[in-house]
Amino acid sequence: MSARHVLTINAGSATLKFGLYEAGRPGAEPAQGWRITIDRLGTDAAELVATPVGGERIRRTLGARSHAADALGDLLDFLAQAAPGLAVAVVSHRVVHGGPDLRAPLAVEPALLEALRGFEPLAPLHQPHNIAGIEAAHAAFPDAMQVACFDTAFHRGQPKVNDVYALPPSFYDEGVRRYGFHGLSYEYIAARLPAVSPRLAAGRVVVAHLGSGASMCAIDAGRPVSSSMGFSALDGLPMGTRCGQIDPGVLLWLMQARGLDADAISRLLYHRSGLAGMSGVGADMRTLEASGEPAAAFAIEHFTTRIRRETGALAASAGGIDGMVFTAGIGENSARVRTDVLSGLRWLGFELDEAANAGGGRNGDGGIRRITTDGSALEAWVIPTDEESMLARHGLAVLEAAGDGNGRRVE
Ligand code: ADP
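Residues numbered from 1 in each chain as written. Predicted model: local features only at pLDDT ≥ 70, side-chain atom pairs only at ≥ 80, totals over all residues. Heavy atoms only, no water.

> Please explain the sheet that holds strand β3 (residues 31-39) as it appears in this structure.
Backbone-to-backbone hydrogen bonds join strands into a sheet, with any given pair of strands oriented parallel or antiparallel. Pairing within the open sheet is mixed, and its 8 strands lie in the order β5-β4-β3-β2-β1-β6-β8-β7. Both edges of this open sheet fall to β5 (58-65) and β7 (106-107), since each of them pairs with a single strand only. As paired strands, β7 and strand β8 (residues 145-150) are joined by 2 bridges and run antiparallel to one another. Opposite Ala107, over in β8, you have Val147 as the bridge partner. (Pairing = 2+ DSSP bridges. Helix = DSSP H or I, 4+ residues; strand = E, 2+ residues; numbered from the N terminus.)

Right, dumping it as structure tokens:
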């Protein structure tokens, strides 16, 4: 049988992240071949960075590139040389919003694309780019099936009591719900847990996905209970540039006393707040950790204090806690953030293993490690997330479930 490939796409405003996988026998895990990023779209200096599994990183300067379609042209050119014999059977897309009802990955049909466009007002900063990625991929790989995987889907299984706001029910019916995001990451962690810690897989675990966007989720025996993120990707923890939880009264004050309109408030809350806004130093945790500015240290203290607070709230919503998992850029790499969080949660039963916590990198079992002592009542783990592999698995599963292995039209 000739090779069949799965391409994964995670399309943002300025960056497209791709993964190329080879499908094995039906039911087998797809095997990763390449990780490719096209960065700085919309500037004169877009760049392609490609890393083959186990190989040397390759960089190509692309020049001015504005759209996903341009970037996919570059990707095709690159793959034509780097991956001869390429046969993309399915392109699997990360789509931030699947609305109230979409709970599982789906093959993209015209009606689905229309529905996804309808969710753009719910995720204006992400959804249009995800849709542009689907359209560009359909044009670039017309014979491949396009599959949409929703970041909200995992949380759709959470109990309704954690899905609502205390508003009249008509708002819930109109879609004002606690959707939660980073669902592909939580799904990946939940899928890894049985092999990592059977106790946590069967128990109540609070997962902290700490990247430039950050959220936390309580999971009970693999099922979602509650998330720190709600209607939008603004709620919950403070993030690189987003404010996290804020009293709605502040928004009323910004409108009524300061005369700010929706665009100005949106810019403030999405782009000028969080770690960057508080510190004045930057959004990147590495920059904050390296900075001698008191405001940078204070922003980190606020971040970790909020994580502890959210841990308590999520544990209470799950009726208890057996352990925690740290993941994504900060969760996987910042020993300082993990120390600050767990040393403040000793009372709950976490006993940090400082040597294990300080050890970094993705060595050993893909970077998976326990960072609490053997005697600790509760377990804490670092588990590197891999949303791309989740996309690849879902894409292939949808393709195989369709049975024919042939592409579908997106129109
Ligand atoms: P996203 O995918 O949401 O853009 P990532 O999961 O890549 O984000 O996480 C980005 C964050 O991880 C940044 O704040 C970055 O500073 C942080 N990070 C990456 N490596 C380290 C490190 N070694 N120490 C501390 N923070 C790190």
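That was the structure; now back to the text.
> What exactly am I supposed to notice about the packing of aromatic side chains here?
To describe a pair of aromatic rings, you give the distance between the ring centres and the angle between the ring planes. All told, the structure shown has 2 aromatic pairs when counted by the stated rule. Aromatic side chains Trp34 and Phe78 sit 5.4 Å apart centroid to centroid with 90° between the ring planes, which places their arrangement in the edge-to-face category. Taken together, the positions of Trp34 in strand β3 and Phe78 in helix α1 (residues 68-82) put the pair 44 residues apart, joining distant regions of the chain. When the centroid spacing of 6.3 Å and the interplanar angle of 40° are considered together, the rings of Tyr179 and Phe231 count as tilted. (Phe/Tyr/Trp six-rings, centres within 6.5 Å; stacked < 30°, edge-to-face > 60°.)

> I keep staring at the sheet that holds strand β11 (residues 223-227) and nothing clicks. Help me out?
Judged by pairing direction, the sheet is mixed, and its 6 strands sit side by side in the order β11-β10-β9-β12-β14-β13 without closing on themselves. Of all the strands in the sheet, the pair left with one neighbour each is β11 and β13 (369-370). The sheet contact formed by strand β9 (residues 204-210) and strand β12 (residues 323-327) spans 5 bridges and is parallel. Bridge pairing in β12 links Val206 to Met324. Across the face of the sheet, helix α11 (residues 294-318) comes into contact with β9, β10 (214-220), β11 and β12 while running at roughly 25° to β10. (Contact = heavy atoms within 4.5 Å. Axes fitted to C-alpha atoms, helices over the stretch in contact; angles between N-to-C directions.)

> In this structure, what is going on with the site of the ligand? I would like to understand it.
Lining the immediate environment of the ligand, one finds Lys17, Gly211, Ser212, Gly213, Asp284, Met285, Arg286, Ala328, Gly329, Ile330, Asn333 and Ser334. For the ligand, an oxygen atom lies 3.2 Å from a polar atom in the backbone of Arg286. Summarising the interface, the protein chains cover 68% of the accessible area of the ligand, which totals 580 Å² for the free molecule. Looking at the shell around the ligand, the elements that each hand over two or more residues are α10 (285-290) and α12 (328-333). (Near = heavy atom within 4 Å. Polar contact = N/O pair within 3.5 Å; in protein donor to acceptor, adjacent residues only side chain to side chain. Areas by Shrake-Rupley, 256 points an atom, 1.4 Å probe, with all protein chains shown as cover.)

> Could you clarify how one ought to interpret the packing of α1 against helix α3 (residues 127-140) in this entry?
Working note: a packed helix pair is described by the angle between its axes plus the distance between those axes. For the pair α1 and α3, interaxial distance at closest approach is 9 Å and the crossing angle is 40°. The orientation of α1 relative to α3 falls into the category oblique. Both α1 and α3 take part in a crossing whose hand is right-handed. Residues Ala68, Ala69, Leu72 and Leu76 of α1 form the contact with α3, whose own contacting residues are Ala132, Gly133, Ala136, Ala137 and Ala140. (Parallel < 35°, antiparallel > 145°, perpendicular 65-115°, else oblique. Left-handed = near helix turned anticlockwise from the far one by under 90°.)

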